[in-house]
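Topology and contacts: notes
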Amino acid sequence: MIKRLFNYLWQLPFMVTGHLFTWLGPVISEIGSMSLFFWQVIKSIFHRPFEVREFIIQLYQVGVRSIPVVLLAGLFVGAIVSIQFHYALSQFGAGALQYLGGVTTSGLLREVAPVLVSVMIAARVGAYITAELATMKVTEQVDAVRCLGADPLRFLVVPRFLAVTIMIFILTILGLIIATAGGALSAYLLTGMGISKYFASIRSLAAAWALFNGMFKSLLFGVLLSTVSCYKGLNTDGGSEGVGRAVNSCLVTSAIAIFLADYIIARLASLTFEVAESFLFFMEI
Amino acid sequence: MIEYDNVWKSFGDNRVLKGISLDVREGETFFVLGQTGAGKTVMVRLLVGLLHADSGAVRIDGEDITGFSEQDFQRIRKKCGMVFQLPTLFDSMTVFENIAFGLRRLGNLSEEEIGERVKNTLEDVELDFSICLRLPHELSFGEQKRVGLARTVILSPRYVLYDEPTTGLDPFTADRINDLVLRLNRKMGATAIVVSHDLLSMNKIADRVGLLYKGEFRFVGPVKDFNRSDDPVVAEFRGGGEA
Amino acid sequence: MTQRVKNPTLRVILVTLDQVFYIARMGISVRGIGRVILGFLDTLGGIVTLLVQTLLNLLRPPYRFRLMIAQAEVAGWKSLPLIGITLGFLGMIVILELHFQLSRLLHNTSLVPGVAGLLFFREFGPTVVAAMMAAKVGAGFTAEIGSMNTTDQIDALKLMGVSPVHYLAVPRFVGCMSMQVCMSIIGLFCCIAAGYLASLPEFNLQSYISIMNSYVGWPDFINLILKAVGLGWVVPIVSCHYGFRCRGGARGVGDATTRAVVTAILIIIVIDFTITAIADKLVVAAMSFL
């Protein structure tokens, strides 16, 4: 009996490692395939003919129809961030509270806006693109596209890729504006802080560097999201359940990819942090 | 002229095509019969590059397409068109856009010319021009099949591959499709390969027949010989009707 | 008119403008706006109705414990990796960002774990966990129920005298609510652990925990549980709602899934805002009673 327990115990690390690698293998190969796919898409962008009509249709689908979602989410999240920071700052005493505007906006610029907009778009557009492409693959429409003389990458993927990337960039800007407004409004309505006081601290704390940081992130997230959703869509098999599985997989993978990329950029930013800090310090003087 | 020369194709452990060899002559309508899953669709997909053979050679007009890349197949697909089993119309486009799709890819026709050719093709497949602005999911299955047919035929390919054109249709509509296929082949002077398990269609429109059984061609020859053959498998196919 | 323009670049520009105006005209119209408002009200009404129905059906026998546990497994166990990974990264990101912010604001980064702890407990624990669950679990439920709908299985249930709400919605509701609370707590730990890893060069375990301890108190934990309960119902109800209303085959299922996830996340955000705005006052009031 004790012997059996011992047996099990010393086998455990091997089992765990084995399971880890079994799980890890497909994940790494997925990442590899997606990178290859990404490279092919980039190459296809520069092949003529460029599908203008499809591109414009996708811009509308992705961008214009996501505006209400981004506005709503941005407004409320801006308010939430502002309230939370208010609570946090009030722990430090009244002196810190005047910086509420700056801290909130800086946080929004660098972190919240890109991630929030990307996650909303991932849920709305990413899942939709995956479902659409997966359905097309499962009903052989992708084969039909090839048979009729078009390249699925050029006709289907490139317009969506570009539309998503461009639109996430634009929508992040929109989201930022509305979130800042939401933050200011909630500070005013809930804590009585004057709006001009709110905006005053923004200049000193939220530097252009933060804006650049946030915008770069949004572009990166756009690229990641479109690659993942198109890849998952086109590589589906298995009928209706396959479509459902592809959508699920797309959402999960995009979420993980977005957060992972966010972390990497945050790390990189903090590495160059000292340089940026002294640079900005100079700017303020 | 289409030739299959000792073509093998497997999916994992499953050997679907075991060294098939076949010649399809110019202008004829060749029927490929077989059980569901016997490899008929696989065979046809090799011709347009949707699948690639493991070994052996496939030749179209003397040209060996076995090693061709996607790029090369673009050229082949202009002369070798495929009509899919499910209509596989593009859901997000109107009927007009679906049919005109291939034409637009050619890139050198004006809008009027495209409209003209779509109109003519719709007449050929016996559909009313008013169907143009509707979306695929608004059409009946028979209408969808005919739009799928129109979409391929409008490019006037020299070889047309039909994947189970009458499957899932009631006998009346199936008959009309058969007539259409016959008429279009004659009109375009095309060579047709029809994959099916519909014996009635075979008797009506085929010149020669091939029976694909367990990955090999059990029988290849004129329809008359097929109907008179003593081969037990052939007999079972005839007698049992569908596979 | 675009036919007569020979210059290809100009032609492309004209075609583009043409399409843009066409689409713009499509987007704005009184009917369109009216339809949007009605659609919004319809969805809202449907969700509230389903919520009420689920609550009413909650205590009705037969109690399908097996189903509830199965759904809890789907909601909790299966989403554990996702929650762990995303909240782990989030924890590290927050620490890094706060490091940056506080050093510029107060020129003093010793309080980073404290502020981070506040954010974790009050915000990231419940909300982000709920959003991730909406993405994974919600999408799964909608797809599942949507497929059942399009293959007439829901109708079959009704014919057999089984209420679809009782059979499908209630187990998912119970499973998700319980798992939401568990996952919020587990996610919280992941955040804290990952945050510790990220703040390693500057803080050791001792100081990390003690600083966090000094800033985070019971009110924040109650806040967490309150939010988890307040947000837990969103994912199952919204996804079941869209699943039940799904029409149109594979396409319809995909469509419903997308809308379900988006709506769920939006509702989560709005409820989060509401709770955040009034929570402090509530908790203070509650604590003063005790």
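The residue count restarts for each chain, going from 1 along the sequence in the order it is written. Written order decides the labels, with chains lettered from A and ligands numbered from 1. Thresholds applied to this predicted model are a pLDDT of at least 70 for local features of residues and 80 or more for the giving and counting of side-chain atom pairs; totals over whole chains, interfaces and linings are not thresholded and use all residues.

Notes on the overall build of chain C
Defined as follows: Where helices and strands are cited, they refer to DSSP runs of H or I of at least four residues and of E of at least two residues respectively, numbered from the N terminus. We take the radius of gyration over the C-alpha atoms and set the globule estimate at 2.2 Å times the residue count to the 0.38 power. Backbone-placed C-beta atoms define the burial measure: a residue is buried with 20 or more other C-beta atoms within 10 Å of its own, exposed with 12 or fewer, and partly exposed in between.
Across its full length, chain C holds 11 helices and 0 strands. By the compact-globule yardstick of 19 Å for 290 residues, chain C is too spread out, its C-alpha radius of gyration being 24 Å. Along the first, second and third principal axes, the C-alpha atoms of chain C reach 70 × 65 × 35 Å. Relative to its full complement of 290 residues, chain C shows a buried share of 48%.

What to know about the overall build of chain A
The line we're drawing: With C-beta atoms placed from the backbone, a contact is any residue pair whose C-beta atoms sit within 7 Å.
Check the secondary structure of chain A and you find 11 helices and 0 strands. Seen through its principal axes, chain A has C-alpha atoms that stretch 70 × 65 × 35 Å. By residue count, 51% of the 285 residues in chain A fall in the buried class. Contacts in chain A between residues at least 24 apart in sequence constitute 86% of all its contacts with a sequence separation of at least 6.

Notes on the sheet that holds strand β8 (residues 191-195) of chain B
Residue and element names in this part refer to chain B. Spelled out, the test is: The rule for pairing is simple: two strands pair if DSSP sees at least two bridges between them. What counts as an axis is a line fitted to C-alpha atoms, over the stretch in contact for a helix, and the angles between N-to-C directions run from 0 to 180 degrees.
Pairing is mixed in the open sheet, where 6 strands are placed in the order β6-β7-β8-β3-β9-β10. The sheet is open, and its two edges are formed by β6 (80-83) and β10 (216-222), each paired on a single side. Recorded for the sheet is a direction-independent mean angle of 15 degrees between the axes of neighbouring strands. Taken together, the 5 bridges between strand β7 (residues 159-163) and β8 define a ladder with parallel strand orientation. The partner of Tyr-159 across the bridge, within β8, is Thr-191.

So, the sheet that holds strand β5 (residues 63-64) of chain B
Residues and elements named next belong to chain B. Ordered in space as β2-β1-β4-β5, the 4 strands form an open sheet in which the pairing is antiparallel. Strands at the two margins of the open sheet, each flanked by one partner only, are β2 (14-24) and β5. As paired elements, strand β1 (residues 2-11) and β2 share 8 bridges and run antiparallel to each other. Along β2, the bridge assignment pairs Lys-9 with Leu-17.

Observations regarding the interface of chain C and chain A
Each side of the interface is counted separately: chain C has 53 residues, and chain A has 54 residues. Elements that contribute at least two residues to the side of chain C that touches chain A include exactly α1 (8-27), α4 (80-105), α5 (112-150) and α11 (249-289) of chain C. It is α11 of chain C that contributes the most residues to the side of chain C that touches chain A, 17 residues altogether.

Looking at the nonpolar core
To keep things clear, this is the line we draw: We call a set of buried Ala, Val, Leu, Ile, Met, Phe, Trp, Tyr and Cys residues a nonpolar core when their C-beta atoms link them within 7 Å.
Of all hydrophobic cores here, the largest spans 237 residues; its most connected members are Leu-251 of chain A together with Val-261 and Ile-265 of chain C. Broken down by element, the residue count for this core peaks at 23 residues, all from helix α5 (residues 100-138) of chain A. Setting aside its immediate chain neighbours within four residues, Leu-251 of chain A contacts Ala-122, Ala-123, Gly-126 and Ala-127 of chain A together with Ala-135, Lys-136, Ala-139 and Val-261 of chain C.

Considering the packing of α5 of chain A against α4 of chain C
For clarity, the threshold we go by: An angle below 35 degrees is treated as roughly parallel, one above 145 as roughly antiparallel, one from 65 to 115 as roughly perpendicular, and anything else as oblique. By definition, turning the near helix anticlockwise from the far helix through less than a right angle yields a left-handed crossing, and turning it clockwise yields a right-handed one. Each residue gets one of three labels, nonpolar for Ala, Val, Leu, Ile, Met, Phe, Trp, Tyr, Cys and Pro, charged for Asp, Glu, Lys and Arg, and polar for the others, Gly among them.
Between α5 of chain A and α4 of chain C, whose axes approach to 11 Å, the crossing angle comes to 140 degrees. For the element pair α5 of chain A / α4 of chain C, the angle class is oblique. Where α5 of chain A crosses over α4 of chain C, the handedness of that crossing is right-handed. Contacts between α5 of chain A and α4 of chain C involve Val-103, Ser-106, Gly-107, Arg-110 and Glu-111 of chain A from the first element and Ile-93, Glu-97, Gln-101 and Leu-105 of chain C from the second. Looking at the contact of α5 of chain A with α4 of chain C, its residues break down into 3 nonpolar, 3 polar and 3 charged.

Concerning the confidence of the model for chain C
Residues and elements named next belong to chain C. In plain terms, the rule: pLDDT is defined as a per-residue confidence score from the predictor, taking values between 0 and 100.
Per-residue confidence for chain C gives a mean pLDDT of 83; residues scoring 70 or more make up 92%. Mean pLDDT values for the elements of chain C range from 69 in α1 up to 92 in helix α10 (residues 234-244). Under the prediction, the complex receives an ipTM of 0.82, its pTM being 0.81.

Concerning unusual backbone geometry
All names here are of chain B. A positive phi angle, near 55 degrees, is found at Asn-6, a position not held by glycine. One can find Asn-6 in strand β1. Look at Asn-6 and you get partly exposed, because 13 C-beta atoms sit within 10 Å. The backbone phi angle of Lys-214 is positive, close to 50 degrees, even though this residue is not glycine. Within the fold, Lys-214 resides in the loop between β9 (208-213) and β10.

Re the packing of helix α3 (residues 67-90) of chain A against helix α7 (residues 152-191) of chain A
All names here are of chain A. As a packed pair, α3 and α7 sit with axes 6 Å apart at the nearest point and diverge in direction by 45 degrees. On the basis of the axis angle, α3 is oblique to α7. Viewed along their axes, α3 and α7 form a crossing whose handedness is right-handed. Taken together, the residues of the contact of α3 with α7 sort by class into 16 nonpolar, 10 polar and no charged.

A closer look at the pairing of β9 of chain B
All names here are of chain B. Within β9, 5 of the 6 residues are buried, leaving the element largely enclosed by the surrounding structure. Pairing of strand β3 (residues 29-34) with β9 involves 5 bridges; the strand directions are parallel. Across the sheet, residue Val-32 finds its bridge partner in β9, namely Gly-210. Here β9 runs beside β10; their pairing, made up of 6 bridges, is antiparallel. By the bridge assignment for β10, Gly-210 is matched with Val-220. Count of turn residues in the β9/β10 antiparallel hairpin: 2 residues, of which Lys-214 carries a positive phi of about 50 degrees.

Examining the environment of Phe-14 of chain A
Residues and elements named next belong to chain A. Structurally, the position occupied by Phe-14 is in helix α1 (residues 2-45). Owing to 9 C-beta atoms within 10 Å, Phe-14 belongs among the exposed residues under this scheme. C-alpha of Phe-14 to C-alpha of Ser-249: the two residues are 235 residues apart in sequence and 28 Å apart in space.

Comments concerning the environment of Ile-168 of chain A
Residues and elements named next belong to chain A. Relative to the helices and strands, Ile-168 is located in helix α7. Looking at Ile-168, the number of C-beta atoms within 10 Å reads 32, which means it is buried. For the pair formed by Ile-168 and Phe-37, sequence separation is 131 residues and the distance between their alpha carbons is 21 Å. Beyond its immediate stretch of four places on either side in the chain, Ile-168 contacts Val-117, Ser-118, Ile-121, Ser-218, Phe-221 and Gly-222.

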